[in-house]
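Each chain, letter by letter, is given below.
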Amino acid sequence: MAGTSRRTPGETDDHPAPATEAFVAHRNLLFTVAYEMLGSAADAEDVLQETWLRWAGVDLGIVQDQRAYLVRIVTRQALDRLRALGRRKESYVGPWLPEPLLTAPDVAEDVELADSVSMAMLLVLETLTPIERAVFVLREVFDLAYDEIAEAVDKSPAAVRQLAYRARAHVAARRPRGVVSAAETRNALEAFQRAIETGDLQNLLDILAPDVVLLGDGGGVVQAALAPIVGADRVAGVLAAGLGGFAASSRQAAQVNGYPALIILQDGEIDTVLALRIDDGLVTGLYAVRNPEKLSRMQRETALCR
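Residues numbered from 1 in each chain as written. Predicted model: local features only at pLDDT ≥ 70, side-chain atom pairs only at ≥ 80, totals over all residues. Heavy atoms only, no water.

(A) Fine view of the sheet that holds strand 4 (residues 259–266). Overall, mixed pairing links the 6 strands, which are arranged 2-1-6-5-4-3 in an open sheet. Pairing within the sheet leaves two strands with one partner each, and these edge strands are strand 2 (229–230) and strand 3 (251–256). Where strand 3 meets strand 4, 6 bridges bridge the pair, whose relative direction is antiparallel. Across the sheet, the residue bridging to Gln 252 is Ile 263, located in strand 4. Sheet contacts for helix 10 (residues 182–198): strand 1 (208–217), strand 3, strand 4, strand 5 (269–279) and strand 6 (282–289); angle to strand 4, the most-contacted strand, approximately 35°. Across the face of the sheet, helix 12 (residues 232–243) comes into contact with strand 1, strand 2, strand 3, strand 4, strand 5 and strand 6 while running at roughly 50° to strand 1. (Pairing = 2+ DSSP bridges. Helix = DSSP H or I, 4+ residues; strand = E, 2+ residues; numbered from the N terminus. Contact = heavy atoms within 4.5 Å. Axes fitted to C-alpha atoms, helices over the stretch in contact; angles between N-to-C directions.)

In structure tokens:
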């Protein structure tokens with residue numbers, strides 16, 4: 001990260017300053033917090049840059065818990081960015097989807113982490129207010145104490161408990177019906193791929209839930225549906241027309257946001273990242289990210305952690 005190249009007092013090439021060592025040690029955690037709050041890797045990186053600039057000026061002698069202090073800084077910066085993003089999304093062309101991340105196998109092995117960064121969950125988090133989202137992420141995903149969260153969001157512990165309760169109920173009413181294992185998703189994805197490759201519309205309909213929803217994010221830059229496509233028949237028709245023209249070699253399976261997904265290539269370049277939501281063995285949600293500005297993180301794995 002560009003920000004970590006800044007020299008702090010006492011830092012040398014062989015002996016990084018304590019502030020640098022602490023920041024680097026917790027960087028993946030800080031990125032994960034910012035990304036879950038924002039749904040955007042680019043904005044999360046900006047938040048980390050701002051966090052580093054503030055952290056580099058802190059007197060470490062007064063810091064009792066460096067991890068908690070850094071999480072507090074990144075949360076406050078992400079909250080400011082989240083409020084600004086809300087205004088930006090109001091003028092976004094078509095559905096807005098989170099920025100997909102190419103993730104390592106260890107993310108999928110942590111079922112709770114994979115669920116929290118899945119496209120489906122990030123979209124549910126979009127329905128929370130910024131402060132509710134921050135509290136939910138810090139409490140439910142990272143298991144921070146209410147007192148720690150209160151310091152991060154400038155609220156009383158009692159207010160944080162109430163926010164957590166409200167956010168938890170809101171998410172429970174909208175989240176996928178249960179945590180789905182990577183193996184279940186992989187099996188559904190393989191059946192989905194076979195249906196696409198054979199062009200058998202009935203096989204495709206068999207794997208789609210009757211009320212399946214397809215969302216496409218082109219950002220007004222490339223072609224994508226400007227409204228959700230709902231229903232197995234309509235979604236199957238769109239998929240057959242849109243994916244049927246691609247050779248099998250242009251469709252690659254990958255780990256995206258902790259779950260198996262499809263990457264669609266056009267002339268060797270990533271054209272679409274297609275993530276799936278699976279409930280009870282059927283595809284209930286399809287998220288097709290086509291906006292080129294959101295596909296840069298698919299070139300390399302992103303490390304996430306709790």
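(B) Broad picture of helix 9 (residues 157–172). Spanning 16 residues, helix 9 covers 22 Å between terminal C-alpha atoms, matching the ideal 22 Å at 1.5 Å per step. Those residues of helix 9 that fall on the buried side of the exposure criterion are Val 160, Leu 163, Ala 164, Ala 167 and Val 171. Within helix 9, the buried residues cover an arc of 105° as seen down the axis, which keeps them to one side. Residues Ala 158, Tyr 165 and Ala 172 are exposed on helix 9 and point more than 90 degrees away from its buried face. Elements in contact with the buried residues of helix 9: helix 6 (119–125), helix 7 (130–141) and helix 8 (146–153). (Expected span 1.5 Å × (residues − 1). Buried < 20%, exposed > 50% of the residue type's maximum accessible area, 1.4 Å probe, protein only. Arc of directions from axis to C-beta.)

(C) Quick look at the nonpolar core. By size, the foremost hydrophobic cluster in this structure holds 57 residues, and its most contacted members are Phe 31, Met 37, Trp 55, Leu 125 and Val 153. For this core, the secondary structure elements donating two or more residues are helix 1 (18–38), helix 2 (41–55), helix 3 (66–89), helix 5 (111–117), helix 6, helix 7, helix 8 and helix 9. Looking at which element gives the most residues to this core, the answer is helix 1, with 11 residues. Setting aside anything within four residues of it in sequence, one finds Trp 55 in contact with Ala 19, Ala 22, Phe 23, Leu 60, Val 63, Gln 66, Tyr 69, Leu 70 and Ile 73. Core analysis: the second largest hydrophobic core is formed by 25 residues, Leu 189, Ile 264, Leu 274 and Ile 278 among them. (Core = buried A, V, L, I, M, F, W, Y, C linked by side-chain atoms within 4.5 Å.)

(D) Representation of the pattern of salt bridges in the model. A full pass over the atoms with the stated rule returns 18 salt bridges. Where Arg 27 meets Glu 45, a salt bridge forms, and the shortest distance between an N and an O atom there is 2.7 Å. Note that Arg 27 is positioned in helix 1 and Glu 45 in helix 2, a separation of 18 residues in sequence. Linking Arg 72 and Glu 151 is a salt bridge whose minimum nitrogen-to-oxygen distance equals 2.9 Å. With Arg 72 in helix 3 and Glu 151 in helix 8, this pair connects stretches of sequence that are 79 residues apart. Through salt bridges with shared partners, one network takes in Asp 43, Asp 46, Glu 50, Arg 81 and Arg 88. (Salt bridge = Lys/Arg side-chain N within 4 Å of Asp/Glu carboxyl O.)

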